[in-house]
Amino acid sequence: MTTTRPPTQRNGLQGSCTLVGAGPGDPELLTLRAVRAIESATVLLVDDLVSEAIVALAPRRARVVHVGKRGGCQSTPQAFIEKLMLMAVHEGETVVRLKGGDPFVFGRGGEEAEHLRAEGIAVEVVNGITAGLAGPTALGIPLTHREHAHGVLFITGHTQPGTSGPDWQQLAATVQHARLTLVIYMGMGSAARIQQALLTSLPASTPVAVIEHASQPRQRHAITTLDQLVDTIQCEGLGSPSIIVVGDVVRGTAAMAETARQPALHHAG
Ligand code: SAH
């Protein structure tokens, strides 16, 4: 989805802001629109999950600010990032806010766009391939399948402090009843709790895939079953960023066939 408005003007300077989805890491998965936006940026505010190969597409003269932990700021507070964006636009810069995956999927892109629009700034949003699509596709796992899944549910495993988060037991019942594929973002830290709750409705043998660093040279994955999820994560030393896919669509994929022949963990070539 893209919303285009005229650039902002202040003191004769024209600035603009584009929230750009950088996809899961492989530059080949960028949209043409994303590449064009990056190439015309004068200021780039870059999230941790954006790969260096993508940042390298920026013009040499552009100012690149890493606003994640990698940039040395202990995970820059959201309010500060929004302030930086606003200041740069007011200074007449062509600002590109580069976000991993899609800006509007668990990326706080909604909050950033709202904030800028409330300040009268025009915001363009460029879709990126979200990790929940790229991860399964990297293993040949279809998210829907006429025989296995009628739909797909993208959900976060991260619970905001002070909130209760999703009711995983209720969710498990819905997933089972409606035959949905479950795609879990940010679920590695709470995998034990999620596994336990899902097992209240889903069979222990439900196939699960964990895909780490999807689409990148360091991509790794494991195929397992729901009752073995946490053990597999621990044994294989899988960590963040990873996508967890739960459901029968994992069964019968090329990745599953390989697992039958080899140990659970595979390193992408
Ligand atoms: N906006 C992003 C999601 C940000 S939330 C998107 O649309 O993809 C961060 C979570 O996304 C991570 O904890 C992980 O669950 C997932 N993620 C992001 N990049 C990933 C990648 N390359 N491989 C696997 N998971 C990834």
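Refer to the structure printed above.
Everything in this summary refers to the structure shown in the same document.

Reading the values: the criteria
Residues numbered from 1 in each chain as written. Predicted model: local features only at pLDDT ≥ 70, side-chain atom pairs only at ≥ 80, totals over all residues. Heavy atoms only, no water. Helix = DSSP H or I, 4+ residues; strand = E, 2+ residues; numbered from the N terminus. Buried < 20%, exposed > 50% of the residue type's maximum accessible area, 1.4 Å probe, protein only. Contact = heavy atoms within 4.5 Å. Areas by Shrake-Rupley, 256 points an atom, 1.4 Å probe, with all protein chains shown as cover. Core = buried A, V, L, I, M, F, W, Y, C linked by side-chain atoms within 4.5 Å. Near = heavy atom within 4 Å. Polar contact = N/O pair within 3.5 Å; in protein donor to acceptor, adjacent residues only side chain to side chain. 1 Å grid on protein atoms, 1.4 Å probe; cavity = no way out; pocket = protein on both sides within 12 Å on 5 of 7 lines; lining within 4 Å. Sits in = over half its atoms within 2 Å of the grid points. Axes fitted to C-alpha atoms, helices over the stretch in contact; angles between N-to-C directions. Parallel < 35°, antiparallel > 145°, perpendicular 65-115°, else oblique. Left-handed = near helix turned anticlockwise from the far one by under 90°. Nonpolar A, V, L, I, M, F, W, Y, C, P; charged D, E, K, R; others polar. Points joined across faces, edges and corners; volume = space filled by probe spheres on them. Domains from an automatic or database assignment.

In terms of regular secondary structure, the protein chain is built from nine helices and 12 strands. With 269 residues in all, the protein chain has 47% of them scored as buried. In the protein chain, the share of contacts with a sequence separation of at least 24, taken over all contacts with a separation of at least 6, comes to 70%. Accessible surface, the protein chain: about 13100 Å² in total, of which carbon and sulfur atoms supply 53%.

Moving on, we come to the nonpolar core. Counting residues in hydrophobic clusters, the biggest one holds 24 residues, and the most contacted among them are Trp168, Leu182, Ile184, Leu198, Val210, Ile244 and Val246. Going through the elements one at a time, helix H6 (168–178), strand S8 (180–185), helix H7 (191–198), strand S9 (207–212), helix H8 (229–236) and strand S11 (242–246) are the ones with two or more residues in this core. Those residues within four positions of Leu182 in sequence are excluded, and the remaining contacts are Leu153, Ile155, Trp168, Leu171, Val175, Leu198, Ile244, Val245 and Val246. In this structure, Ile38, Leu44, Val46 and Val96 belong to the second largest nonpolar core, which totals 17 residues.

The next point concerns the site of the ligand. Near the ligand lie 18 residues; those nearest to it are Asp102, Val105, Thr130, Ala214 and Ser242. Contact distances for the ligand include 2.9 Å between a nitrogen atom and a backbone N or O atom of Gly100. In the model, a nitrogen atom of the ligand is placed 2.8 Å from a nitrogen or oxygen of the Ala214 main chain. With the chains in place, 93% of the 540 Å² that the ligand exposes on its own is no longer accessible. The site holding the ligand turns out to be the largest pocket.

On to the packing of H6 against H7. Axis separation between H6 and H7 bottoms out at 8 Å; the angle between their running directions is 50°. Classified by the angle their axes make, H6 and H7 are oblique. The chirality of how H6 crosses H7 is right-handed. Along its contact with H6, which presents Trp168, Gln169 and Ala172, the element H7 presents Arg193, Ile194, Ala197 and Leu198. Of the residues contributing to the contact of H6 with H7, the split by class is five nonpolar, one polar and one charged.

Bringing the layout of surface pockets into the picture now. Of the voids in this model, the largest pocket is the one considered here, and its volume is about 1500 Å³. Along the wall of the largest pocket there are 46 residues; nearest its centre are Asp47, Leu49, Phe106, Gly107 and Met186. Secondary-structure elements contributing two or more residues to the lining of the largest pocket are helix H3 (78–90), strand S5 (94–99), S9 and S11. Partitioned by chemical class, the residues of the lining of the largest pocket number 16 nonpolar, 20 polar and 10 charged. Among the domains, domain 1 (16–126) and domain 2 (131–260) are the pair contributing at least three residues each to the lining of the largest pocket.

Between Ser240 and Pro241 the backbone carries a cis peptide bond, its omega angle lying at 0°. By the element assignment, Pro241 lies in the loop between H8 and S11. Residue Arg108 is not a glycine yet carries a positive backbone phi of 60°. Position of Arg108 relative to the elements: it lies in the loop between S5 and helix H4 (109–118). Here the phi dihedral of His213 falls at roughly 50°; this positive angle occurs in a residue that is not glycine. Position of His213 relative to the elements: it lies in the loop between S9 and strand S10 (220–225).

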